[in-house]
Amino acid sequence: MNGNGHANNSMELNNSNNVRSDTPATLSGVPVVADGNLHENGHAKEKTNGYGVVSTQASDDEGFGDEDEVECGWGRFRPSCLQCFNRMPGFLVFLCLFAITQGMTVNGLVYVVTTTLERRFGLPSVRSGFISSSYDFSVMIIIVFVTYFGERSHKPYWLGIGASIFSVGSLVFQFPHYTTPFYEFQSADFELCDVNRNDTDVCELGTSGSSLSHYFWVFVFAQFLHGLGAAPLYTLGITYIDENVKPKMTSLYIGIFNGASLLGPAIGYLLGGALLDIYTDVKKDPDTLGIDPESPLWIGAWWIGFIVSGIMALLVVIPFLGFPKSLPGAKKLQKSRVCEAHGGSEFTVRSGFGNSLRDFPKACLGLIKNVPFMCINGSACTEWFLLSGFAVFAPKFLESQFNLTASWASIVVGLTVIPAAVFGSIIGGWVVKHFQLRFKGMVRFCLAVIFVSFLCMGAFFVACPNPNFAGITVEYGDEMLAHQGKMNTSDACNKNCGCMDNFEPVCGVDNIMYFSACHAGCTVKPEDDGSQGYYNCSCITLPDSLMEGDPEAISGKCTATCELQPVFLAMLFLLEFFTILAVVPAMTATLRCVPHSQRSFALGLQSLMYRAFGTVPAPVAFGAIIDTTCLLWEYDCDGGGNCWLYDNKIFSRYILILSLCIKFGSLIFFLLALLTYKAPPETPADTAKVDDAPEDNFNSTSASQAPLS
């Protein structure tokens, strides 16, 4: 008996599974050849998956098209001019275009317009976070079945159908713009202080209009369609790459693919930020309304970007439907692979396996019992929890801490975070290829860079002072509030003004922000259209330097600067870079520690887990935590509301504590993956397949001694 309990004289190991040599395998009376190897008696090897001896010819070839069906085209229309795309670089172009579209929409535009949707449709942060989570929730529901059945089916067809569904989702997302009335940001009759006004209950007066919060469900449905359409992208798309290129090139192609997918959010942030400088009702001139992008009441053209993404998704549908089931040469590549599957997790499928739900439990059990694979899944959950939360609320954090507009905060986040993510993804793939890292080397590399990103969490020690806001952070008369229990926007200077609770902030010459001109006690505003100045304000202490004719208050927030902004952005860049640096090695390690026949299903199960425990709950959890730091709420007549002012110090501390705890969990999971991994035994056949590779620089074992199966 050997160390694994198998009889040495009766058992061998092939490239991915235990092989029995005592019983010949036949299929319709013909010996079945596994990987082209026969025993001396002319019989083919047989494999076992832990549930009995199974035939493997179908599993080796299943999923690869016939040699006469590897041309690019549609039906019988397969012109020779299209065959230049019938290789991996050609497929990668359209896969990257789909990834850019998905990233631009889901991880860019949706995040950029989050605060705008909150203001326009009266949504709190927890509900806007749920809009983001709806995408991952829909992917989570179907991803396992997509990858399970898609593993042996026509993967480009799945991608084409997914792109068409994604396009519909983008068009649905911008639908509420056409069914809502023009945006009204103020009620002029109640703008100024009026001691003769009695009833100021907006809901009783009926001046607030109907609530728009019910459109929340339209956005949820649109995100659900986005999820359905993108489900095959990061699973079947990646395995299609892996099965059509040399193993040592897989990480490089995946790195390029991930880099393109991260370029999408960059485009989304920049495009979305630019569009938010355009007034949402493009037929109206904002100058005549007395509002500009600097005003907190400004609503930009959040909906235009989704028209662009819908068209982009449609452009890749027909090309995907033209690619063959497998590219030329895929069968030859399949026979030259070396398996690094975790010892004891070998899994071989019978003919036709995966075409029926009755095989589903066995497939799941085989992966769940793979401890290193499950540990990597755990790290994926924690890392994507943080990435998803940061992506949704990073612009809001910058808005609050550094007093930025929504559009400029989105652009700053895009210019800071996305380049770091793109370079991190590409460099991570290059490192795996250049040093030819095996499983343990990849995990050690991930541990190192995640530890550095853990240290970069110090960025959230940055906390800028809260703005001076009358009745919220300072009392009327410029005295600091002793505690939050005294917060009240009303005071003796405005108690008889009959002010409404509509947030229309003004900045007084005393550099204090007031809830509205009415709350500042202002009674005069020039009649000329577009004027933003107010006079005769009873709550504002006038400085001696005020010149005659100068306004005592102007519409909008008070300007404020925070010298810590460059420090925070530099730390945020490093945090994102080192976090994404581990993505491609971790993904490649996932493909290497599971049997080759379960790659797509393993990615699907991993996607299910990191969405269920990461990207789905993260925006909701971050939103709920952020809502607890709110100092100033504005509610509509239906009870919905959004926050206008946050406590900056508490905001940053809560994010810091949550992030450190989650990031520490990532370190633990990667460490457990390293400690529990058991390399499969090496065979002479596997040794012959190994290229003349340099020593694994992140693994103390030399290339000839590295774990092979």
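This is a predicted model, so every value here is computed, not measured.

## Observations regarding the pairing of strand β14 (residues 641-646)
A large share of β14 lies buried, amounting to 6 of its 6 residues. The sheet contact formed by strand β13 (residues 630-635) and β14 spans 5 bridges and is antiparallel. Bridging across to β14, Cys630 finds its partner in Tyr646.

## Digging into unusual backbone geometry
Positive phi, close to 55°, is recorded for Asn403, a residue that is not glycine. With respect to the helices, strands and loops of the structure, Asn403 is situated in the loop between α16 (371-402) and α17 (406-434). One non-glycine residue, Asn536, lies in positive phi territory at about 55°. Considering the arrangement of structural elements, one finds Asn536 in strand β11 (residues 533-537). When its relative accessible area of 47% is taken as the criterion, Asn536 is described as partly exposed.

## Looking at the pattern of salt bridges
Evaluation of the coordinates by the stated rule reveals 6 salt bridges. The closest approach of N and O atoms between Asp136 and Arg611, which form a salt bridge, is 2.6 Å. Taken together, the residues span a long stretch of sequence, with Asp136 in helix α4 (residues 125-150) and Arg611 in helix α21 (residues 599-615) at a distance of 475 residues. Like Asp136, the residue Arg611 is buried in the burial classification. A salt bridge links Lys663 to Glu383; the nearest nitrogen and oxygen atoms lie 3.0 Å apart. Here Glu383 lies in helix α16 and Lys663 lies in helix α23 (residues 648-676), a separation of 280 residues in the sequence. Take Lys663: its relative accessible area is 1%, and that puts it in the buried class. In this structure Glu383 comes out as buried when scored by relative accessible area, which is 9%.

## Quick word on the pairing of β11
Direction of pairing for strand β10 (residues 522-524) relative to β11: antiparallel, over a ladder of 2 bridges. Each residue of the ladder has a partner; that of Val524, found in β11, is Tyr535. Pairing of β11 with strand β12 (residues 553-555), which is carried by 2 bridges, proceeds in the antiparallel orientation. Considered in β12, the bridge of Gly533 is made with Ile554.

## What about the nonpolar core?
Note that soluble globular proteins tend to have their nonpolar side chains buried in a common cluster. Ranked by size, the top nonpolar core spans 164 residues in total, and within it Phe173, Phe257, Trp302, Leu398, Phe460 and Phe568 carry the most contacts. For this core, the element with the most residues is helix α2 (residues 88-112), which contributes 15 residues. Leave out the neighbours within four places in its chain, and Phe173 touches Val110, Leu117, Ile131, Phe219, Ala222, Gln223, Trp302 and Phe306. In terms of nonpolar packing, the next biggest core, distinct from the first, is built from 14 residues, Ala470, Tyr476, Tyr514 and Ala520 among them.

## Section: the confidence of the model for the chain
When the pLDDT values of the chain are averaged, the result is 78; 77% of them are 70 or greater. By mean pLDDT, the top-scoring element of the chain is helix α18 (residues 439-455) (95), and the lowest-scoring one is strand β5 (residues 53-54) (36). Confidence drops under pLDDT 50 across residues 1-64; counting only partners more than four residues distant or on other chains, this segment forms 128 contacts. Scored below 50 in pLDDT, residues 690-709 shows 57 contacts in the model against residues more than four places distant or in partner chains.

## Focus on the state of the cysteines
As enumerated under the stated definition, the model contains 7 disulfides in all. Each disulfide pairs two cysteine sulfurs, and for Cys507 the partner residue is Cys558, the sulfurs being separated by 2.0 Å. Across the S-S bond linking Cys507 and Cys558, the dihedral sits near 110°, which makes this disulfide right-handed. Pair noted here: Cys507 is in strand β8 (residues 506-508) and Cys558 is in the loop between β12 and α19 (565-580), with a separation of 51 residues, a long-range link.

Conventions adopted
Going along each chain's sequence as written, the residues are numbered from 1 onward. Two thresholds apply to this predicted model, a pLDDT of at least 70 for residue-level local features and 80 or more for giving and counting side-chain atom pairs, whereas whole-chain, interface and lining totals are computed over all residues. Only hydrogens and water are removed before side-chain values are computed, so all heavy atoms of the structure are retained for them. Relative accessibility decides the category of a residue: with a 1.4 Å probe and only protein chains considered, values under 20% of the type maximum give buried, values over 50% give exposed, and everything between is partly exposed. Starting at the N terminus, helices and strands are each numbered in turn, a helix being any DSSP run of H or I of at least four residues and a strand any DSSP run of E of at least two. Being paired, for any two strands, means DSSP has found at least two bridges between them. Just to be clear on terms, a salt bridge is a Lys or Arg side-chain nitrogen sitting within 4 Å of an Asp or Glu carboxyl oxygen. Among the buried residues, those of types Ala, Val, Leu, Ile, Met, Phe, Trp, Tyr and Cys that are joined through side-chain atoms within 4.5 Å form a nonpolar core. The criterion used for residue contact is that any of the two residues' heavy atoms lie within 4.5 Å. Every residue is assigned a pLDDT by the predictor, reflecting its confidence on a scale from 0 to 100. Cysteine sulfur atoms are paired as a disulfide whenever they fall within 2.5 Å.

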